[in-house]
Amino acid sequence: RVAYAQTGRNDAGVYVRDLASGDVRQVATRDPRVNGDNLPSVVWSPDGTRLAFVQTDADSRVTTIRIVNVRSRETTTIPGLDARGLYLLEWSPDGRYLLCNHTVRNTLELVAIDDARMTTLSDSIWAGQRASFSPDGRFVAFARGRYGHESVYTQPLAGGPRTRIVDAQNGTY
């Protein structure tokens, strides 16, 4: 299965396509970003049962991270979190955190799903730069710095210094 966000007036929402059958199912309605406030991003939970996405309410203008159960379509919101500017990158292997790029502050953020605690892991992270958890969830790997002058780092989630792994050469690594 693949999940994606569709923007627009008539068919906006979050969809899941079964790659074997070709069936498409809408699992969340409404535009996952409103008036360009957020780039649409959708990430799977590690167990493949839930999807997380950022949504701005058209009336209240409040931006939240929404989590939808793909099977039941039950949707919850991470409480008390101002999600303006967040672009979701990945869900942690233990299902407790979301790794996000803050496109306004140019930071890498770790968001706790249960209490909305947001922890800045790094600055100098630019829109479009990727980051990911290690398979055991103990580390995060990410690119930091301006395009063409980036370095790749790892950082333990439990705290401690980051380690530079490699520097970009002519914008590639």
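That block above? That's the structure.
This write-up is about the structure you can find in this document. In this numbering scheme, every chain counts its residues from 1 along its sequence in written order. Residues qualify for local features only when their pLDDT is at least 70, as the model is predicted, and side-chain atom pairs are given and counted only at 80 or more; totals for whole chains, interfaces and linings, by contrast, use all residues. Side-chain measures were taken over the full set of non-hydrogen atoms in the model, leaving aside hydrogen atoms and water.

So, the packing of aromatic side chains
Stated precisely, the cut-off is as follows: Classification of ring pairs uses Phe, Tyr and Trp, with its six-membered ring standing for Trp, and accepts pairs whose centres are within 6.5 Å; under 30 degrees between planes counts as stacked, over 60 as edge-to-face, and the remaining range as tilted. We count a stretch as a helix when DSSP gives it H or I for four or more residues in a row; a strand needs E for two or more, and each element gets its number in order from the N terminus. For every residue, the accessible area obtained with a 1.4 Å probe (protein chains only) is divided by the maximum for its type, and the residue is called buried under 20%, exposed over 50%, and partly exposed between those limits.
All told, the structure shown has two aromatic pairs when counted by the stated rule. Between the aromatic rings of Tyr4 and Tyr15, the centroid separation amounts to 5.6 Å while the plane-to-plane angle is 15°, which identifies the pairing as stacked. Here the residue Tyr4 occupies a position in strand S1 (residues 2–6), and Tyr15 occupies one in strand S2 (residues 13–17), the gap between them amounting to eleven residues. Take Tyr15: its relative accessible area is 12%, and that puts it in the buried class. A ring pair is formed by Phe142 and Tyr153, whose centres lie 5.8 Å apart and whose planes are at 20°; its orientation type is stacked. Of this pair, Phe142 sits in strand S13 (residues 139–144) while Tyr153 sits in strand S14 (residues 151–156); the two residues are eleven residues apart in sequence, bridging distant segments of the chain. Pair check on accessibility: Phe142 and Tyr153 agree, each one buried.

Considerations on the pairing of strand S10 (residues 107–112)
What counts here: At least two bridges found by DSSP between two strands is the condition for calling them paired.
Burial of S10 is extensive: six of the six residues sit out of reach of the surface. Of the two faces of S10, both are covered, the one formed by Thr107, Glu109 and Val111 as well as the one formed by Leu108, Leu110 and Ala112. In the sheet, strand S9 (residues 97–102) pairs with S10 via six bridges, with the strands oriented antiparallel. Note on S10: the bridge partner recorded for His102 is Thr107. From the end of S9 to the start of S10, which pair antiparallel, there are four residues, and Asn106 there has a positive phi angle of about 55°. Taken together, the four bridges between S10 and strand S11 (residues 118–122) define a ladder with antiparallel strand orientation. In the sheet register, Glu109 faces S11, and the bridge partner there is Thr120.

A few points about the nonpolar core
Selection criterion: Among buried residues, those of type Ala, Val, Leu, Ile, Met, Phe, Trp, Tyr and Cys that are joined through side-chain atoms within 4.5 Å constitute a nonpolar core. Any two residues whose heavy atoms approach within 4.5 Å are treated as being in contact.
The biggest cluster of nonpolar side chains holds 16 residues, and the ones touching the most others in it are Ala52, Ile65, Ile78, Leu81, Leu88, Leu98 and Val111. At the level of elements, strand S5 (50–56), strand S6 (63–69), strand S8 (86–91) and S9 are the ones that each hand at least two residues to this core. Setting aside its immediate chain neighbours within four residues, Ile78 contacts Ile65, Ile67, Leu98, Val111, Ala112, Ile113 and Ala116. Ranked by size, the runner-up nonpolar core spans 13 residues in total, among them Ala112, Leu121, Phe133 and Val140.

Concerning unusual backbone geometry
One can expect most non-glycine residues to show negative phi and most peptide bonds to be in trans. At Arg73, a position not held by glycine, the phi torsion is positive, near 70°. Looking at where Arg73 falls in the secondary structure, it is placed in the loop between S6 and strand S7 (75–77). For Arg73, a relative accessible area of 41% puts it in the partly exposed group. Even without being glycine, Ala116 reaches a positive phi, approximately 65°. Tracing the sequence through the fold places Ala116 in the loop between S10 and S11.

Digging into the pattern of salt bridges
Basically, it comes down to this: In the sections that follow, a salt bridge refers to a side-chain nitrogen of Lys or Arg positioned within 4 Å of a carboxyl oxygen of Asp or Glu.
In the structure shown here, the tally under the stated rule is seven salt bridges. The closest approach of N and O atoms between Arg105 and Glu109, which form a salt bridge, is 2.8 Å. You can call Glu109 buried: its relative accessible area is 0%. The salt bridge partner of Arg138 is Asp136, with a shortest N-O separation of 3.4 Å. A residue is classified by how much of its surface remains accessible, and Asp136, at 47% relative accessible area, is partly exposed.

A word on the pairing of S13
Of the strand pairs in this sheet, strand S12 (residues 131–133) and S13 are connected by three bridges, and their pairing is antiparallel. Note that in S13 the partner of Ala131 across the bridge is Phe142. Counting the residues between successive antiparallel strands, the hairpin from S12 to S13 contains five residues, one of them, Gly137, with a positive phi of roughly 75°.

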